[in-house]
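Observations on the three-dimensional arrangement
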Amino acid sequence: MNPAIIGILSICCYSGSTLLLSKDIVDEKSQYRSTYPGWIAVLLHFIYTAIVSVQQDGLDFGFFGIGSTITSIIALLLLMTSLNKPIEKLGIAIFPLAILMLALTLLFPDQEHSLHRYGWQMATHIFTSIIAFSLLNIAALQAIFLAIHERQLRKHPPRKIILTLPPLQTMEALLFQMIKAGVIFLTISLISGFIFIDNLFAQHLAHKTVLSILAWLIFSALLFGRMRYGWRGQTATKWTLAGFILLLLAYFGSKLVLELILNID
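Let us look at the structure shown here. Because the structure is predicted, anything quoted here is derived from the model rather than measured.

1. Let's talk about helix 8 (residues 206–229)
The first and last C-alpha atoms of helix 8 sit 33 Å apart over 24 residues, in line with the 34 Å expected at 1.5 Å per residue. Buried within helix 8 we find Lys208, Thr209, Leu211, Ser212, Ala215, Ile218, Phe219, Leu222, Leu223 and Gly225. Two residues or fewer past helix 8, Gly230 is found with a positive phi of approximately 70°.

Below is the structure:
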């Protein structure tokens, strides 16, 4: 089957789930079944990625290709977590992002950057980096929702979106759970990078390495501050977003400059 057709079907399912989640907010409801099309979308997204990987003899590691893979993993993690945690509303932000990256992959396929050229050591580093980024991406979105929730609670009456979100303390606990998991994978990614990559501070990797380490320090400091001083609210939001922005620049900033601007593999 043509992978493009599967990709388009995935986009349609993502769109359907986004519309249902938006309707839930307008109707002031919280219904898990609104994510059902999202599950189908993620399955189709993975099937599309698998078919393209077989055709290209390796995972597409180009800018748009890896962006598509990361957003599919983020969507999957969101759906899996929402089975027992009330975070399905984050799909309003995550599903459109998956649609965008998948559409760009369909429009601009890249066969020059394939993961098959790397051994298991580099693959370990890459995939732990992807998981870390995915978890901390969800944490960043959770932090934004947390900030909106906290601000809207001061207003009377609060807006409809607040009425569909879980309690503030629940959202805060979920935020730190995501950060803890993300830091674990980011730690593994950094350690594997230092072990398996000959020169992690080479010219084209130095900025990525430094920014990733800074992000790790920020997230680790936030977890320590939470444990030692009970940091929460705006402090947690600011530190989470600062760490994620550094991580975003470390990965996508470097790939954007190297591949799309300088045309360096």
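2. Details of the packing of aromatic side chains
Using the criterion set out here, one finds five aromatic pairs in the structure. Pairing Phe133 with Phe244 gives two aromatic rings, centres 5.3 Å apart and planes at 40°, and the pair type is tilted. Within this pair, whereas Phe133 is found in helix 5 (residues 120–152), its partner Phe244 is found in helix 9 (residues 233–261), the two being separated by 111 residues in sequence. The burial state of Phe133 is the same as that of Phe244; both residues are buried. Taken together through their ring pairs, the aromatic side chains of Phe224, Tyr229, Trp231 and Trp239 make up a single cluster.

3. As for the pattern of salt bridges
Inspection of every chain in the model, using the stated rule, returns three salt bridges. Measuring nitrogen to oxygen at the nearest pair gives 3.4 Å for the salt bridge that ties Glu172 to Arg226. Within this pair, whereas Glu172 is found in helix 7 (residues 168–196), its partner Arg226 is found in helix 8, the two being separated by 54 residues in sequence. Of the charged contacts in the structure, one is a salt bridge between Arg232 and Glu172, with a shortest N-O distance of 3.3 Å. You can see Arg232 sitting in the loop between helix 8 and helix 9 and its partner Glu172 sitting in helix 7, a full 60 residues away along the chain. Taking relative accessible area as the criterion, Glu172 reaches 4% and is therefore assigned buried. Bridged by salt links that share partners, the residues Glu172, Arg226 and Arg232 form one connected network.

Rules behind the numbers
- Residues numbered from 1 in each chain as written.
- Predicted model: local features only at pLDDT ≥ 70, side-chain atom pairs only at ≥ 80, totals over all residues.
- Heavy atoms only, no water.
- Helix = DSSP H or I, 4+ residues; strand = E, 2+ residues; numbered from the N terminus.
- Expected span 1.5 Å × (residues − 1).
- Buried < 20%, exposed > 50% of the residue type's maximum accessible area, 1.4 Å probe, protein only.
- Phe/Tyr/Trp six-rings, centres within 6.5 Å; stacked < 30°, edge-to-face > 60°.
- Salt bridge = Lys/Arg side-chain N within 4 Å of Asp/Glu carboxyl O.

Everything listed is a geometric property; what it means functionally is a separate question.
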